[in-house]
Amino acid sequence: WEFNGSFHQPAAFLMMGIPGLEALHPWISIPFCALYLTALLGNCVILFIIRRTPSLHEPMYYFLSMLAVTDLGLALCTLPTTLGLLWFDVRSIAFDACLTQMYFIHILSFIESSVLLAMAFDRFIAISHPLRHPAILTRSTVLKIGLAIVLRGTVSLLPIPFLLRRLTYCGRTQLSHSFCFHPDIMNLACADIKVNVFYGMIILLSTVGMDFIFIVLSYVLIIRTVLSLTTKEECLKALNTCVSHICAVLLFFIPMIGLSMIHRFGKNVPPLVNTLVAYTYLTIPPALNPVIYSIKSTHIREALLRALCRKRG
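Each chain has its residues counted from 1, running along the sequence as written. In view of the model being predicted, local features appear only for residues whose pLDDT reaches at least 70, and side-chain atom pairs are presented and counted only at 80 or more, with totals across whole chains, interfaces and linings using the full set of residues. Side-chain descriptors were evaluated using all non-hydrogen atoms of the structure, hydrogens and water having been removed beforehand.

A few words on the environment of Leu40. Put simply, DSSP H or I for four residues or longer makes a helix, DSSP E for two residues or longer makes a strand, and each gets a number counted from the N terminus. Of note, Leu40 is situated in helix α1 (residues 25–52). Spatially, the C-alpha atoms of Leu40 and Pro59 are 23 Å apart, while their sequence positions differ by 19 residues. Any two residues whose heavy atoms approach within 4.5 Å are treated as being in contact. Dropping the residues within four chain positions of it, Leu40 is found in contact with Leu72, Ala75, Leu76 and Leu79.

Time to look at the state of the cysteines. What counts as a disulfide here is a pair of cysteine sulfur atoms lying within 2.5 Å. For the structure shown, the criterion picks out two disulfides. The partner cysteine of Cys170 in its disulfide is Cys190, sulfur to sulfur 1.7 Å. Placement of the pair is Cys170 in the loop between α6 (159–165) and α7 (182–186) and Cys190 in the loop between α7 and α8 (194–227), with a sequence separation of 20 residues. Classification of residues uses two cut-offs on accessible area relative to the type maximum, computed with a 1.4 Å probe and protein chains only: under 20% is buried, over 50% is exposed, and between them is partly exposed. A residue is classified by how much of its surface remains accessible, and Cys190, at 40% relative accessible area, is partly exposed. Here the cysteine-cysteine linkages of the protein are recorded as 1-3, 2-4, numbering only bonded cysteines and doing so in sequence order.

Taken together, the side chains of Met210, Phe212, Ile213, Phe214, Val216, Leu217, Val220, Ile257, Met261 and Phe265 present a nonpolar region at the surface, about 890 Å² in accessible area. Going through the elements one at a time, α8 and α10 (243–265) are the ones with two or more residues in the nonpolar patch. If you tally residues by element for the nonpolar patch, the top one is α8, at seven residues. By the secondary structure assignment, Val220 is in helix α8. For patch detection, residues must exceed 30% relative accessible area and be free of salt bridges, and they are connected within 9 Å for like charges or within 5 Å for nonpolar side chains (Val, Leu, Ile, Met, Phe, Trp, Tyr). Note on areas: Shrake-Rupley with a 1.4 Å probe; residue coverage comes only from the protein chains shown. Each salt bridge in this description consists of a side-chain nitrogen of Lys or Arg and a carboxyl oxygen of Asp or Glu lying within 4 Å of one another.

No statement about biological role is implied by the geometric values presented.
This is the structure:
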């Protein structure tokens, strides 16, 4: 233990793998390796294809690029500690390193939520006001939206590490996952954490919570617009452009809401359930988002096939 001013802080935290399946960690690492490899390669391919294809230089694909960069960041944040634990049983993480990892995981999660909202807004404008879409979402407007998203996530979460550093930790150092998560660290303190709980809840509701509400509202307006179209073919064509985004929204928000509820209200939830939801939240969306967009987006798929044909030629 280190004595820091008037507070006791642990030199390190101990991370947990899959509860009850510690002996199988080397085998469990195989699907994790596959997920991380898919996330890294898939999102890099998406970025490469969009950059090299001039016809994809439009708002929808700019936002998709932001989503790919965010997913890459999330995968890289958790990959070292998760695979280090599964492969080499490295369970210890320094206190400051844990706070740093936690900060970037939460920033990237908030950024992904905001990017999904921006993509919903883009789909709403493209379907409801197709003629005004290029004038509303210009390249400079997309850039400003991207900067605002990063700034909101960075500034809103900046107090979190300092709020955790002011707490006294006396005895328990065992985290619930192979990565650092704000409620997990906060619950290890033996001090009054009301400020941390209140601030964390306010920030979560005012950012991710509001993003989810506005995404739902966007799709209500999109559905209303689609139902006013005259032919069935037009309806299906309009809705088909939203399928990939809807899948990405569900992949992100369902595990995130579940994990937040478990950490705050699920004291009697089995540790295995908590762990599976956490890994689903941080590993599945980065791996599946590029796959979904590659399958459902005709333009991405055609550009990818052209790139492969050029290399073969």
